[in-house]
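# Overview (structure and organization)
What follows is the residue order along each chain.
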Amino acid sequence: MTSQGQAHAQAAPLAPGDANGTTTAAHQAHFVFVPLNEHGHLIPAVDTALLLATHGALCTIAAPVSTAKRVRHTVDAARASGLPVRLAEFPLDYAASGLPEGADDAATGDHRIDPAHMMSYYRAVSLLRAPIERYLRAHAPPFTFPTCVVSDFFNPWTTELASSLGVPRLSFFSMSAFSVLCHHNLERFHAYDGVEDSNAPVVVPGLPEKERKVVVTRAQAPGFLRSVPIPEWLELGDYIERARAEADGVIMNTVLEMEPEYVAGYEEARGFKVWTVGPVSLYHHGATTQASRGSDTPAIGAAECLRWLDGKGPGSVVYVSFGSIAQAGPKQVVELGLGLEASGHPFIWVVRNADDVYDEAVRGALREIEERVEGRGLLVRGWAPQVTILSHAAVGGFVTHCGWNSTLEAITAGLPVVTWPHFTDQFLNEKMAVEVLGIGVSVGVKEPLTYQAVPKEIVVGRDVVEEAVRSVMGDGEEAEERRRRARALADKAKAAVREGGSSHANLLDLVKRFASTASQASAPSGT
Ligand code: UDP
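Residues numbered from 1 in each chain as written. Predicted model: local features only at pLDDT ≥ 70, side-chain atom pairs only at ≥ 80, totals over all residues. Heavy atoms only, no water.

Looking now at the overall build of the protein chain. Scanning the protein chain for helices and strands turns up 21 helices and 15 strands. Relative to the globule expectation of 24 Å for 527 residues, the C-alpha radius of gyration of the protein chain, 23 Å, shows essentially globular dimensions. Projected onto its principal axes, the C-alpha coordinates of the protein chain cover approximately 65 × 55 × 50 Å. Taking all 527 residues of the protein chain together, the buried fraction comes to 58%. In the protein chain, the proportion of contacts linking residues at least 24 apart, taken out of those at least 6 apart, comes to 74%. Put simply, the protein chain shows about 20500 Å² of open surface, and 54% of that area lies on carbon and sulfur atoms. (Helix = DSSP H or I, 4+ residues; strand = E, 2+ residues; numbered from the N terminus. Rg over C-alpha atoms; globule rule 2.2 N^0.38 Å. Buried < 20%, exposed > 50% of the residue type's maximum accessible area, 1.4 Å probe, protein only. Contact = heavy atoms within 4.5 Å. Areas by Shrake-Rupley, 256 points an atom, 1.4 Å probe, with all protein chains shown as cover.)

With that settled, consider the site of the ligand. Near the ligand lie 18 residues; those nearest to it are S324, A384, N405, S406 and E409. Measuring from an oxygen atom of the ligand, one finds a side-chain N or O atom of S324 at 2.4 Å. Here an oxygen atom of the ligand sits 2.6 Å away from a polar atom, N or O, in the side chain of E409. Here the ligand loses 95% of its free accessible area of 530 Å² to cover by the protein chains. At the level of secondary structure, the elements contributing two or more residues to the shell around the ligand comprise α1 (39-54) and α16 (404-412). The dominant element in the shell around the ligand, judged by the number of residues it contributes, is α16, at 4 residues. (Near = heavy atom within 4 Å. Polar contact = N/O pair within 3.5 Å; in protein donor to acceptor, adjacent residues only side chain to side chain.)

Our focus in this paragraph is helix α14 (residues 360-372). Helix length check: α14 (13 residues) gives 18 Å between terminal C-alpha atoms against 18 Å at 1.5 Å per residue, within 8%. The complete set of buried residues in α14 reads V362, G364, L366 and I369. Contacts from the buried residues of α14 go to α12 (330-343), β11 (347-350) and β12 (377-380). (Expected span 1.5 Å × (residues − 1).)

Generally speaking, nonpolar side chains in soluble globular proteins are found buried as a group. Formed by 93 residues in total, the largest nonpolar core has its most connected members in M258, Y266, Y319 and I348. Once residues lying within four places of it in the same chain are set aside, the contact partners of I348 are W308, L309, V317, V318, Y319, V320, L378, V380 and I389. (Core = buried A, V, L, I, M, F, W, Y, C linked by side-chain atoms within 4.5 Å.)

Taken in spatial order, the 7 strands make up an open sheet running β3-β2-β1-β4-β5-β8-β9, and their pairing is parallel. Both outer strands of the open sheet, β3 (85-90) and β9 (274-276), are each paired with one neighbouring strand and no more. Shown here is a sheet whose adjacent strand axes are inclined to one another by a mean of 25°, direction ignored. Both strand β2 (residues 58-64) and β3 contribute to a ladder of 6 bridges, which runs parallel. When the bridges of β3 are listed, I61 appears paired with L87. Docked against the sheet, helix α5 (residues 129-137) engages β1 (30-34), β2 and β3, running at close to 140° with respect to β3. Along the sheet, helix α6 (residues 158-165) contacts β1, β4 (148-152) and β5 (169-173); its crossing angle with β4, the most-contacted strand, is approximately 175°. (Pairing = 2+ DSSP bridges. Axes fitted to C-alpha atoms, helices over the stretch in contact; angles between N-to-C directions.)

As a general point, the strands of a sheet are linked pairwise by backbone hydrogen bonds and lie either parallel or antiparallel. In space, the 6 strands of this open sheet follow the order β12-β11-β10-β13-β14-β15, with parallel pairing throughout. Each edge of the sheet is formed by a strand with only one pairing partner; in this case those strands are β12 and β15 (440-442). When the angles between neighbouring strand axes are averaged without regard to direction, this sheet yields 15°. Taken strand by strand, α12 contacts β10 (317-321) and β11, and its axis lies near 170° from that of β11.

In this section: the pairing of strand β13 (residues 395-400). The element β13 is extensively covered by neighbouring structure, given that 6 of its 6 residues are classed as buried. Strand direction decides the pairing type here: β10 and β13, joined by 5 bridges, are parallel. The residue bridging S321 from the neighbouring strand is T400, located in β13. One ladder, built from 3 bridges, connects β13 with strand β14 (residues 417-419); its direction is parallel. If you follow F398 over to β14, its bridge partner there is V417. Between β13 and its parallel partner β14, the chain crosses via α16, and the hand of that crossover is right-handed. (Right-handed = clockwise from strand over helix to strand, strands pointing away.)

Take helix α18 (residues 462-473) next. Taking 1.5 Å as the rise per residue, α18 with 12 residues should run 16 Å; its terminal C-alpha atoms sit 16 Å apart, in good agreement. Every buried residue of α18 is listed here: V465, A468, V469, V472 and M473. Summarising the axial view, the buried residues of α18 lie within an arc of 115°, below the 170-degree limit, and thus occupy one face. Exposed residues lying more than 90 degrees from the buried face of α18 are D463 and E467. For α18, the secondary structure elements touched by its buried residues are β10, α12, β13, β14, β15 and α19 (477-497). (Arc of directions from axis to C-beta.)

With that out of the way, let us pick up the packing of aromatic side chains. For the structure on display, the rule yields 14 aromatic pairs. Pairing F173 with Y266 gives two aromatic rings, centres 6.4 Å apart and planes at 50°, and the pair type is tilted. In this pair, F173 is assigned in strand β5 and Y266 in helix α9 (residues 260-270), connecting sequence segments 93 residues apart. Residue F173 shares its accessibility class with Y266, and that shared class is buried. Through pairs of rings, three or more aromatic residues link up here, namely Y121, Y122, F153, F154, F173, F224, W233, Y266 and F272. A cation sits over an aromatic face here: R218 above Y192, 5.9 Å from the ring centre. Seen from the ring of W308, K312 lies directly overhead, with NZ or CZ sitting 4.2 Å from the centre. (Phe/Tyr/Trp six-rings, centres within 6.5 Å; stacked < 30°, edge-to-face > 60°. Lys NZ or Arg CZ within 6 Å of the ring centre and 35° of its normal.)

As structure tokens, this is what we get:
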């Protein structure tokens, strides 16, 4: 076991290749990623680091031990394939931050931190600044002195890390430019001022597409950490906003051709560059690394999913998942299952934590549904290899909570979606899918479903689920049109990461632009 703040790191891999021939090893770009533990932030950040390494950069991923555990197998596989990437893991100082020992690594369920400990967890992670800096200054070859910090926007303390190292800092967003710009404009133009009712519709001001009016409520798009009136959260929200405003640019997991006006709009509003690099899930070509993205304890193997899907007709299966955080309430989960059953379509349904959070009555109801749909419906009671499933030709639609990664993964697979947002940017992602891209059918949820003081038991009835699934999976003209649009978007998304594509060019630009200067490459060791 390491002592507090001392990192375990992997042995250095072989000296990296030089993808574009413009930098020597000593002048190579070296990106230090400081991701967040949440899967929706962590998975795309690691994929981005691996893509940058593929294009000739050195990459260090610096994370708490419990976070590193989630992606170790992915990074190990990348290193084994010769990529110059390392995972530096740091133990948290539980005592100094007031975080109960091991609270970040609960042995049950999917290792989420109890919301009551979230603030002390962020404090504990921020205390890693000095240990990370010491580690980086020790530069184990070929990992030269860092040239750029790429930080999840939830780690605002990385402003101090980057400034102490004397290098630029980019924010990493796995979000659409559309949602980021909407949030930014709602805040900078004080759109909610004087609006008492948090469910009153408000037009998002200052959007580049004048003919499209985007209407939201404060409840749907309150801004980051603005929905809970707890002073500590609001303060952290302010700190995050300052750090975002002061960043040297943004790396965004989206596709430029899909939303050029919103990318340009955000660049203009902030006055810095946005490098769009998505869809970063396309880093994974091989089924093995793709299937193990984000979890070392999947509830079902990729091979079993593929076998099951192989027995189904093209485009016939609907995939249902609410991502890594949202959880349907006990009555809602049964209602959803009954809706899927009634739809008549084959389905793979991921029920997160199914054996841990629901009581025996609900578990029994789920077992009964499962028995009735045997052969037609597959229940996954935990982590599923999502991208592998979505990429299979038998899948024809996705009932999603509209997390941005899931939305972009659906787009990349050319799939129409049933949208069922729960919180944060998900309502805006729903608007993106339904109103901007025209590939979605909404189940009609109007209010955030997670973190409610009194959670509602059933929001979406089985009939609505059935109808939405039939509408997305059916063969009417509208359904065909949605499918055509989804396939065209998938073509754009795949073209973006190929040579000559916008994301490919942006990755090369990052590697070139953040190549080290001679003085950085030889910066002295030791703090
Ligand atoms: N994911 C997965 N298997 C699961 C649940 C989630 O692979 O069973 C992945 C999914 O592919 C996506 C990420 O976890 O990359 C979830 O991110 P998203 O933004 O969609 O939602 P969040 O979990 O942040 O709400």
